[in-house]
Amino acid sequence: MSKATHYQGLIERYRDRLPVDENTPVVSLNEGDTPLIKLQNIPAIIGKSFEMYVKFDGQNPTGSFKDRGMTMAVSKAAEKGAKAIVCASTGNTSAAAAAYAARAGMTAFVLIPEGKIPMGKLAQAIAHGAVVLQIRGNFDDGMRLVKEIAGEAPVEIVNSVNPYRLQGQKTGAFEIVEALGRAPDYHCIPVGNAGNISGYWIGYSEACGQNTASCTLCDGNCPYLENPMTDTRPIMVGYQAAGAAPFMRGAPVEKPETVATAIRIGNPQSWDLAKAAVEESSGWFDEVTDQELLDTQSMLASKEGIFCEPASAVSVCGALRDLRDGKIPEGSLITCTVTGHGLKDTATAIEGRDPVQTVDADLASVKAAILKHL
Ligand SMILES: *Cc1c(COP(=O)(O)O)cnc(C)c1O
């Protein structure tokens, strides 16, 4: 008889490296196990020699890496007997919270900024039955309110201030180390609220048996340092959108503005943890303009077949520029988290592009239209 190999999500996959036990009701949509895709065509365009892999976390069940954290946060909420969860969101956290709450039979309350959410993400929250509260403010206002409401109502916060979120998100690093058989030289990642860069760094640190100040779960006494998978950690590089780059300004940004709505955040909640990740790894933060990130989004889609949302292109965008400038040396092995799927925000992807061509429904017209391009 053959042994079943049904993948059951990242908690089952990494149970011995996560704070769960037999009393934790696992709430999963089989998240994780996302593809690590090697760039084939872009290196020649850049004209430098390097190996770059995209960790396409947009291929999670709700289309972003938020599912990795949400399976942990909602499972731990269920373990406590919570009936409701709450989050502030630029869209993807609310989509994930709504889906996992539906799965768990809980109510999800999501606070979103007025008018700045791509339709795909809003549709997800509504479809999964979340209570959607659009606030007259931005993400940072929503985050402040969520932290206040948790003391006033029986709701569990599932933003990344919930340490279980980062525990789930660290598994992205485990998957990369396993897939490559080693840690990359550089790991590049978009930074908004700064949870994911912290989560990846926790993962890379545990994967090579080292403590990190990016983890707040066990005060420098990590229980998961046995059975290391590798012996090095990457240099962590966090990229922000120029209009929402508090790490570059050295202070919160009052009115963050960028087309990359997922990282339109001025006051990152995981500031200290992300800073620790960059410092411990001898990495850096940098920023890219909206035009640069949109160009990279387009290049990934049209040259590699990888369709991501604008915020997700920031990692590849920054990495390619640092390669061109020699800040990342040739010959490096680089991984880039590509955080969310392009289908989330189709309006931005086609804005300003050539419209579709309308042709008559006869062979001659279609043939002429095709031959024009060959
Ligand atoms: C949430 C999100 C980010 C930012 O991640 P942080 O953990 O907030 O830094 C980047 N890209 C996408 C698509 C996201 O949904």
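Computed from a prediction, not measured in an experiment: that's the story for all the values here.

(A) Region of interest: the sheet that holds strand E5 (residues 131–135). One open sheet accounts for 4 strands, arranged E5-E4-E3-E6; its pairing is parallel. Each edge of the open sheet is held by one strand with a lone partner, namely E5 and strand E6 (156–157). In this sheet, strand E4 (residues 107–113) lies alongside strand E3 (residues 84–88) in parallel orientation, the contact comprising 5 bridges. Following the sheet pairing, Ile85 is matched in E4 by Ala108.

(B) Spotlight on the pattern of salt bridges. Applying the stated criterion across every chain, the model contains 18 salt bridges. Arg249 serves as the salt-bridge partner of Glu287, at 2.7 Å between the closest nitrogen and oxygen. With Glu287 in strand E9 (residues 284–288) and Arg249 in helix H10 (residues 246–249), the pair connects residues that are 38 residues apart, well separated along the chain. Here the salt bridges share partners, and the residues they tie into one network are Lys55, Asp57, Arg68 and Glu175.

(C) View of helix H4 (residues 92–104). Compared with the 18 Å implied by 1.5 Å per residue over 13 residues, the 18 Å span of H4 between its first and last C-alpha is a close match. Inspection of H4 places Asn92, Thr93, Ser94, Ala95, Ala96, Ala97, Ala98, Ala99, Tyr100 and Ala101 among the buried residues, and these make up the whole buried set. Next to the buried residues of H4 lie helix H3 (66–79), E3, E4, helix H5 (119–127) and helix H7 (163–169). A positive phi of about 70° marks Gly105, the residue just after H4.

(D) Here's a closer look at the environment of Ala245. Mapped onto the fold, Ala245 is located in the loop between strand E8 (235–241) and H10. Ala245 gets classed as buried once you look at its relative accessible area, which sits at 0%. Through-space distance from the C-alpha of Ala245 to that of Glu351 is 24 Å; in sequence the pair is 106 residues apart. Apart from residues lying up to four places away in sequence, Ala245 is in contact with Gln240, Val253 and Glu287.

(E) The arrangement of the nonpolar core in detail. By size, the foremost hydrophobic cluster in this structure holds 34 residues, and its most contacted members are Met52, Leu320 and Ile334. Among the secondary structure elements, those contributing two or more residues to this core are helix H2 (42–46), strand E2 (51–56), strand E7 (186–190), E8, E9, helix H12 (290–304), helix H13 (313–324) and strand E10 (333–338). Apart from the residues within four sequence positions on either side, Ile334 is in contact with Phe50, Glu51, Met52, Tyr53, Tyr186, Cys188, Ala319, Leu323 and Ile328. Counting 26 residues, the second-largest nonpolar core is a separate cluster that includes Ala194, Tyr204, Trp271 and Phe285.

(F) Quick peek at the side chain of Ser214. With respect to the helices and strands, the residue Ser214 is situated in the loop between helix H9 (195–207) and E8. Within the local environment of Ser214, its side chain forms a polar contact with the backbone nitrogen of Ala277, the two atoms lying 3.3 Å apart. Once residues lying within four places of it in the same chain are set aside, the contact partners of Ser214 are Ser198, Trp201, Ile202, Leu273, Ala276, Ala277 and Glu280.

(G) Layout of the environment of Glu280. If you trace the backbone, Glu280 turns up in helix H11 (residues 271–280). Residue Glu280 is classed as partly exposed on the basis of its relative accessible area, which comes to 31%. In this structure the C-alpha to C-alpha distance between Glu280 and Ser205, which are 75 residues apart in sequence, comes to 10.0 Å. Discounting residues that sit within four places of it in the chain, Glu280 has contacts with Trp201, Asn211, Thr212, Ala213, Ser214 and Arg233. Here Thr212 takes part through its side chain, which lies 2.8 Å from a polar atom of the side chain of Glu280.

(H) Focus on the side chain of Lys55. When you line up the elements, Lys55 lands in strand E2. On the basis of relative accessibility, which here comes to 2%, the residue Lys55 falls in the buried class. Within the structure, Lys55 has its side chain in polar contact with the side chain of Glu175 (distance 2.7 Å). Excluding its chain neighbours within four sequence positions, the residues that come into contact with Lys55 are Thr34, Pro35, Leu36, Arg68, Gly172, Glu175, Ile176, Tyr200, Cys336, Thr337 and Val338.

(I) Seen up close, the packing of aromatic side chains. Inspection of every chain in the model, using the stated rule, returns 5 aromatic pairs. Here the aromatic rings of Tyr200 and Tyr204 are separated by 6.3 Å at their centres, their planes lie at 45°, and the arrangement is tilted. On the criterion of helical spacing, the pair formed by Tyr200 and Tyr204 is a turn pair, its members being 4 residues apart in helix H9. Neither residue differs from the other here; Tyr200 and Tyr204 are each classed as buried. One aromatic cluster in this structure is built from Phe247, Trp271 and Phe285.

(J) Local environment of the site of the ligand. The environment of the ligand is formed by 16 residues, the closest being Lys66, Asn92, Asn193, Asn196 and Thr339. Gly195 has a polar backbone atom sitting 3.1 Å from an oxygen atom of the ligand. Contact with the protein chains hides 97% of the accessible area of the ligand, taken as 380 Å² for the molecule alone.

(K) Representation of unusual backbone geometry within the structure. If you check the backbone angles, Ala194 has positive phi at about 75° while not being a glycine. Although it is not a glycine, Asn227 adopts a positive phi angle of roughly 55°. On the secondary structure map, Asn227 appears in the loop between H9 and E8. Asn227 sits in the exposed class, given a relative accessible area of 57%.

Procedures and definitions
Residues numbered from 1 in each chain as written. Predicted model: local features only at pLDDT ≥ 70, side-chain atom pairs only at ≥ 80, totals over all residues. Heavy atoms only, no water. Pairing = 2+ DSSP bridges. Helix = DSSP H or I, 4+ residues; strand = E, 2+ residues; numbered from the N terminus. Salt bridge = Lys/Arg side-chain N within 4 Å of Asp/Glu carboxyl O. Expected span 1.5 Å × (residues − 1). Buried < 20%, exposed > 50% of the residue type's maximum accessible area, 1.4 Å probe, protein only. Contact = heavy atoms within 4.5 Å. Core = buried A, V, L, I, M, F, W, Y, C linked by side-chain atoms within 4.5 Å. Polar contact = N/O pair within 3.5 Å; in protein donor to acceptor, adjacent residues only side chain to side chain. Phe/Tyr/Trp six-rings, centres within 6.5 Å; stacked < 30°, edge-to-face > 60°. Near = heavy atom within 4 Å. Areas by Shrake-Rupley, 256 points an atom, 1.4 Å probe, with all protein chains shown as cover.

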